[in-house]
Protein chains: 2
Amino acid sequence: MSDGVFTSRWAPRPEHVLEAGTVPGGFRLGGSACGVKAAGSAELDLGLVLSEAAGTVSAARFCDSGVLAAPIVVTREHCDLHAIRAVIANSGNANAATGEAGIAEAIRVQEAAAAALGLSPREVAVASTGVIGVLLPGERIAAAVPALVERLSPGGLPDFAEAIKTTDALEKSAQLSVELPSGSIHLSAVAKGAGMISPRFATMLCFVQTDAALTPQSADALLGAAVRRSFDRISVDGQLSTNDTVVLMASGQSGVHVEPDSEDEARLGEALDALLLALALRIVADGEGARRIARVHVRGAGEETAARVARAVANSPLVKAALFGGDPNWGRIAQSIGAALPGTAPLRFDISIEGIAVARDGAGVDHDAAALARAVSGDEVLYEIGLPGEAAEAELFFSDLSYDYVKINAEYTT
Amino acid sequence: MSDGVFTSRWAPRPEHVLEAGTVPGGFRLGGSACGVKAAGSAELDLGLVLSEAAGTVSAARFCDSGVLAAPIVVTREHCDLHAIRAVIANSGNANAATGEAGIAEAIRVQEAAAAALGLSPREVAVASTGVIGVLLPGERIAAAVPALVERLSPGGLPDFAEAIKTTDALEKSAQLSVELPSGSIHLSAVAKGAGMISPRFATMLCFVQTDAALTPQSADALLGAAVRRSFDRISVDGQLSTNDTVVLMASGQSGVHVEPDSEDEARLGEALDALLLALALRIVADGEGARRIARVHVRGAGEETAARVARAVANSPLVKAALFGGDPNWGRIAQSIGAALPGTAPLRFDISIEGIAVARDGAGVDHDAAALARAVSGDEVLYEIGLPGEAAEAELFFSDLSYDYVKINAEYTT
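All values derive from a computational prediction rather than experimental measurement.

K.L.:
Talk me through the sheet that holds strand β14 (residues 293–299) of chain B; I want residue IDs and the actual numbers.
P.N.:
All names here are of chain B. As summarised here, the arrangement of the seven strands in space is β11-β19-β14-β18-β15-β16-β17, forming an open sheet in which the pairing is mixed. The open sheet is flanked by β11 (234–235) and β17 (363–364), the only strands paired with a single partner. Note that strand β15 (residues 350–353) and strand β18 (residues 380–386) share four bridges and pair antiparallel. Following the sheet pairing, Ile351 is matched in β18 by Ile385. Contacting β11, β14, β18 and β19 (393–399), helix α8 (residues 317–325) crosses the sheet at an angle of about 60° to β19. Contacting β15 and β18, helix α9 (residues 331–340) crosses the sheet at an angle of about 140° to β15.

Written out as structure tokens, the structure is:
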């Protein structure tokens, strides 16, 4: 069978996870065109996902920018994050840096969706992605909600995915079944993000659905762990968004109760980890203009130091340009390690690329240059870095820096 | 008269500073080709600057990478930094990440230059720029030193400048006279750096000469202040080098004694500040592929916070790509401010671009879009950011992110 969304060697499909072709029981989704992206256009730009079950349990995670978009403020402050039944999300406008007026528009959309769905506004999360600093046309969106509610269906996942896209080229959704010891459940997710975190285009969103029955504590713990292992470990350009949002909803419609600290919970966690990591890697691979992606793995030193080195390598435009060019220039990795750890010279670092040792104890070592050149010309390149002391580990997945990245971010004119 | 090196509105020529056309008294310089850049090539790649005066006073500054190049280690540990009489610098090889063998090669070059000049090795600084991780061919360089010493002359500044260049396109040298209350002195400087701090190509070096008579304390204080106001405030890609070196030598041959805390010292400081800032801005303007440069000025908050915000804006590939494209997208500035200050939402920031207010109290304000579009299409763009609280200030000068930046850093193959 096809591995579907599990296309990277770094996020293999767990054996107990299969393609299902349907969303979990109890969910309906849809998308419509309401003219936020472009007035009068037929481009889908408003998506809605609903869990029909009254006892739905949810969990959510958001970015932590000092310039937080209005939909995040409204969802965090006006929702019961453990009992979200619906998410309404638009593309084309981030509703960020829009002040009190932006908050009011987000609430207007939230209330319109709640009214049309017969829910409390506290059960409806809102999310936005698009240009920063422009007021959301909340009235236009609210007017489009009733018709969208009519169109919701279990088969509406593709429309929902289309509606939250911006510059995304790769598909980032999956509809899976997961074999748990206590029975089979379904798990689906839709993400968007063109690999970068861009204020205009590409904010990262992900909405996850399951028909497993979860406690609020399990939902929160499982989502938190999966996000830390996936979306927290990717970088295209190191730019934190104003709008990042991840919401998990569990309808319980499968009848399979996942108890805290059970084998069921562990297996569902494995499936969720694998799914979100696969989606995260597709976001990186979809990085605007990206040709190849890399994984940097740092071992040694303390946790904070290892993470700082991983971030310095992943965000270095020199390393990223070399990755794009298929240039086995390990000197740029050495430079970014040194830059991350000022005052530590002479630092006894090791570097290997795709298993080929290129530096040891802070200096280059002889290696097979032809083999190295071949190794860095593939779709995925692994950089391993050793630091002296302790034994912390840190890893990040990142994309290259390409002509098209510059083009996409320079040539758009407002 | 021409303003020579003072081409930016942000580094005007002080009135008491004039073009001189000669190096300060007591200095001889030169450059030669010894095959480090390319074996057998006539390309200059070895430069030497000598102060003939026995009482020469000097000062130096270096970068602080954890992966520090061998020439910096040797200069810091084996030289009397207040009494450097000569600097020998090569391009084509950074002699970084080369371990103990690299240290030995740097010492070999230092000793060869000292012997040929009749100086103690403690009076000879070494500097390198070029590819990281490849052992310096010290023997080849040492063999070329005696002939280079023969060619040293007061007119050798252009050859010296040529010898330390890598991808530099703009000239970065000046030969000035400076009117001090106690008399006229000369001041010259040669810098290299293609605007980026690249491990392969572009490490920033600057060598400054004056015939003023300075105390070691004055030399150190003047150089330290000027470096903080110039080379410490520029970024092309936020990548700290392994090799950055700045050396000031004062021969005293003018007979003008600059006393500590005197008006002479203040006026010389002004001239040195202006010169190094002008050279720093030329490094930014020469940023590989750069079309325009920007200045970000942050006012408010504490010193650490203001500096962090300035750095976040200056190093954001999204802001830099918009700068390249002449795109007045202030949302990207808002995004980078928020990313720099997680957990502070709602943050009441102000942004103005070239004097046009685009955001106030954290939200966009109406502005003349046509005037803004014109303002961001010039050679230099000013971003001013206001933050709540206190009244610290921070500023950085930075280049855009262009196709050629990617090309230069991706298409070179080892």
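Back to the write-up after that little detour.
K.L.:
Can you break down the pairing of strand β12 (residues 245–250) of chain B residue by residue, with the values?
P.N.:
All names here are of chain B. For β12, a buried count of six out of six residues is recorded, marking the element as mostly surrounded by other parts of the structure. Here β12 shows two buried faces, one formed by Thr245, Val247 and Met249 and the other by Val246, Leu248 and Ala250. Bridge count for strand β9 (residues 205–210) against β12 is six bridges, and the pairing is parallel. If you follow Phe207 over to β12, its bridge partner there is Val247.

K.L.:
Outline the interface of chain A and chain B, listing residues and values.
P.N.:
Contacts between chain A and chain B engage 62 residues on the former and 62 residues on the latter. The contact between chain A and chain B buries some 4400 Å² in all, and 61% of this surface belongs to carbon and sulfur atoms. At the surface where chain A touches chain B, the tally comes to zero salt bridges. Along the contact surface separating chain A from chain B lie twelve residue pairs in polar contact (both at pLDDT 80 or more). Elements with a contribution of two residues or more to the side of chain A that touches chain B: α2 (99–117), α8 (317–325), α9 (331–340), β17 (363–364) and α11 (403–410) of chain A.

K.L.:
So what's going on with unusual backbone geometry? Residues and values would help.
P.N.:
Residue and element names in this part refer to chain A. Residues Ala345 and Pro346 are joined by a peptide bond in cis, for which omega reads -5°. In this fold, Pro346 is placed in the loop between α9 and β15 (350–353). Positioned with a positive phi, Ala97 is a non-glycine residue whose angle comes to about 55°. Inspection of the secondary structure puts Ala97 in the loop between β5 (86–93) and α2. Residue Ala97 is classed as buried on the basis of its relative accessible area, which comes to 6%. A positive phi angle is found at Glu390, which is not glycine, with a value near 35°. Checked against the element boundaries, Glu390 lands in the loop between β18 (380–386) and β19 (393–399). Glu390 sits in the exposed class, given a relative accessible area of 70%.

K.L.:
Lay out the sheet that holds strand β7 (residues 173–180) of chain A with the relevant residues and their values.
P.N.:
Residues and elements named next belong to chain A. Pairing is mixed across the open sheet formed by six strands, whose spatial order is β1-β7-β8-β9-β12-β4. In the strand order of this sheet, the two ends are held by β1 (17–19) and β4 (57–62), each with one partner. Pairwise comparison of adjacent strand axes, ignoring direction, gives a mean angle of 20° for this sheet. Contacts from helix α6 (residues 263–285) reach β1, β7, β8 (183–192) and β9 (205–210), with the element oriented near 25° to β8.

K.L.:
Tell me about the confidence of the model for chain A, and please be specific about residues and values.
P.N.:
All names here are of chain A. The predicted model of chain A averages 90 in pLDDT, with 96% of residues at 70 or higher. Counting contacts from residues 195–202, a segment whose pLDDT is below 50, to residues more than four positions away or on other chains yields 54 contacts. Two summary scores accompany this predicted model of the complex, namely pTM at 0.84 and ipTM at 0.80.

K.L.:
I'd love a proper account of the relation of the copies chain A and chain B, names of residues and values included.
P.N.:
Of the transformation superimposing chain A on chain B, the axial component is 0.0 Å and the angular component is 180°, with the fit at an RMSD of 0.0 Å. Here the transformation between the copies is reduced to the relation of a two-fold axis. When each C-alpha of chain A is compared by its distance to the rotation axis, Tyr403 of chain A comes out closest, at 2.7 Å. A symmetric contact is evident, with 100% of the interface residues of chain A recurring at the interface of chain B.

K.L.:
Account for the pairing of β9 of chain B, naming residues and giving values.
P.N.:
Residue and element names in this part refer to chain B. Of all six residues in β9, six are buried, a share of seventy percent or more. Every second residue of β9 is oriented toward a common face, with Leu205, Phe207 and Gln209 on one face and Cys206, Val208 and Thr210 on the other, all of them buried. Taken together, the six bridges between strand β8 (residues 183–192) and β9 define a ladder with antiparallel strand orientation. Counterpart to Ala189 in the pairing with β9 is Val208.

Rules behind the numbers
- Residues numbered from 1 in each chain as written.
- Chains lettered and ligands numbered in written order.
- Predicted model: local features only at pLDDT ≥ 70, side-chain atom pairs only at ≥ 80, totals over all residues.
- Heavy atoms only, no water.
- Pairing = 2+ DSSP bridges.
- Helix = DSSP H or I, 4+ residues; strand = E, 2+ residues; numbered from the N terminus.
- Contact = heavy atoms within 4.5 Å.
- Axes fitted to C-alpha atoms, helices over the stretch in contact; angles between N-to-C directions.
- Buried < 20%, exposed > 50% of the residue type's maximum accessible area, 1.4 Å probe, protein only.
- Buried area = accessible area lost by both parts, 1.4 Å probe.
- Salt bridge = Lys/Arg side-chain N within 4 Å of Asp/Glu carboxyl O.
- Polar contact = N/O pair within 3.5 Å; in protein donor to acceptor, adjacent residues only side chain to side chain.
- pLDDT = per-residue confidence, 0-100.
- Least-squares fit on C-alpha atoms with pLDDT ≥ 70 in both.

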